[in-house]
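Letter by letter, the chains look like this.
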Amino acid sequence: ISMEFRNLSKVYQDVISDICHKMGVGMAEFLEKKVDSQHEWDKYCHYVAGLVGIGLSRLFSASELEDPIVGQDTELANSMGLFLQKTNIIRDYLEDQMAGREFWPKEVWSRYAKKLSDLAKPENIDMAVQCLNELITNALHHVPDVLTFLSRLKNQTVFNFCAIPQVMAIATLAACYNNKQVFRGVVKIRKGQAVTLMMDATNIQAVKAIMYQYVEEIYQKIPSTDPSSNKTQQVIATIRAMSLPSSSMASRHHYSPIYLSCAMLLAALSWQYLSTISKATEEYVQAGEN
């Protein structure tokens, strides 16, 4: 790593060293305290993911693949990271609980339970889902920034790199919204759904259409009795206004059937390979523990 770092131009070294320093200091801060307030939730997500978004954006501009504004507008770049990190934290509630980790902000969950772990108890499932919906509503507030950020990108490779995780995140939130399964197991989007998102998210109009599709899915599931229902409807209205596509999600139709077949096959094989490697690693670790 050190050797590769020294081979980079100074303009890239400066960005990387600055971001790594800030991230290290921030993560050390949260070694000694938990995430209590929503402000601290934003702060923690900034340190572990927002800074990544800012650093990458600065690199995109430094390379001249993108305009200077992409790297200069740190607020939008930070939102890119926060949206992804909050989605992961929301989805991984049960996994984190089993590992003794807590990242949901106490300011929110304390209104629904005495302890964060209580949300996983069957008798508390209704309150747990209300807490879940409030956090998803919080995360959705980053979507307008995400759309603004992506609309500024000009390089196709950079766009794909930035857009694909974001559409995966909105699909994940739609699957998690008002879903009791978050407190019982793992909620994931389907493999075929993931492949479709990767192939569609190639331009800003397609991404807007995807965002519109999934916020509509969330809107249809909003319970009238949910304490956050008004806030959820308001943020969805804002996203709708920005996402109304001028054309339908038709980007994948630009590709030939042969290309589509090859891409689908490659994605399926890659997914299977990663699953096999993951399983082998788990078995290796378990064998070592035994």
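Above this text sits the structure in question.
All of the points below concern the structure found in this document. Keep in mind it's a predicted model, so treat the numbers as computed, not measured.

## Re the environment of Y214
And then number 1: Of note, Y214 is situated in helix α12 (residues 204–220).
And then number 2: Under the relative-accessibility criterion, Y214 is labelled buried at 5%.
And then number 3: Non-local contacts of Y214, meaning those with residues more than four positions away in its chain, are made with I170, A171, A174, Q193 and L197.

## Side note on the environment of K208
And then number 1: As for its placement among the helices and strands, K208 is situated in helix α12.
And then number 2: Once residues lying within four places of it in the same chain are set aside, the contact partners of K208 are L147, M242 and S243.

## A word on unusual backbone geometry
And then number 1: The backbone of E64 shows a phi angle near 70°, a positive value even though the residue is not glycine.
And then number 2: By the secondary structure assignment, E64 is in the loop between α3 (38–62) and α4 (68–72).
And then number 3: Even without being a glycine, N178 presents a positive backbone phi close to 55°.
And then number 4: Residue placement: N178 occurs in the loop between α10 (156–176) and α11 (191–200).

## Some remarks on the packing of helix α8 (residues 125–140) against α10
And then number 1: Here α8 crosses α10 at 160°, and the two axes come no closer than 10 Å. Judged on the interaxial angle alone, α10 and α8 are roughly antiparallel. Two packed elements cross with a definite hand, and for α8 against α10 that hand is left-handed. Of the residues in α10, those in contact with L132, I136, A139 and L140 of α8 are I170, L173 and C176.
And then number 2: Within the contact of α8 with α10, the residues separate by chemical class into 7 nonpolar, no polar and no charged.

## Description of α10
And then number 1: In this model α10 runs 30 Å from its N-terminal to its C-terminal C-alpha over 21 residues, within 8% of the 30 Å that 1.5 Å per residue would give.
And then number 2: Regarding α10, its N-cap is N155, as a side-chain oxygen of that residue lies 3.0 Å from the backbone nitrogen of T157 further along.
And then number 3: Downstream of α10 by a residue or two, N178 has a phi angle that is positive, lying close to 55°.

Basis of the calculations
Residues numbered from 1 in each chain as written. Predicted model: local features only at pLDDT ≥ 70, side-chain atom pairs only at ≥ 80, totals over all residues. Heavy atoms only, no water. Helix = DSSP H or I, 4+ residues; strand = E, 2+ residues; numbered from the N terminus. Buried < 20%, exposed > 50% of the residue type's maximum accessible area, 1.4 Å probe, protein only. Contact = heavy atoms within 4.5 Å. Axes fitted to C-alpha atoms, helices over the stretch in contact; angles between N-to-C directions. Parallel < 35°, antiparallel > 145°, perpendicular 65-115°, else oblique. Left-handed = near helix turned anticlockwise from the far one by under 90°. Nonpolar A, V, L, I, M, F, W, Y, C, P; charged D, E, K, R; others polar. Expected span 1.5 Å × (residues − 1). Polar contact = N/O pair within 3.5 Å; in protein donor to acceptor, adjacent residues only side chain to side chain.

These figures capture arrangement, not role.
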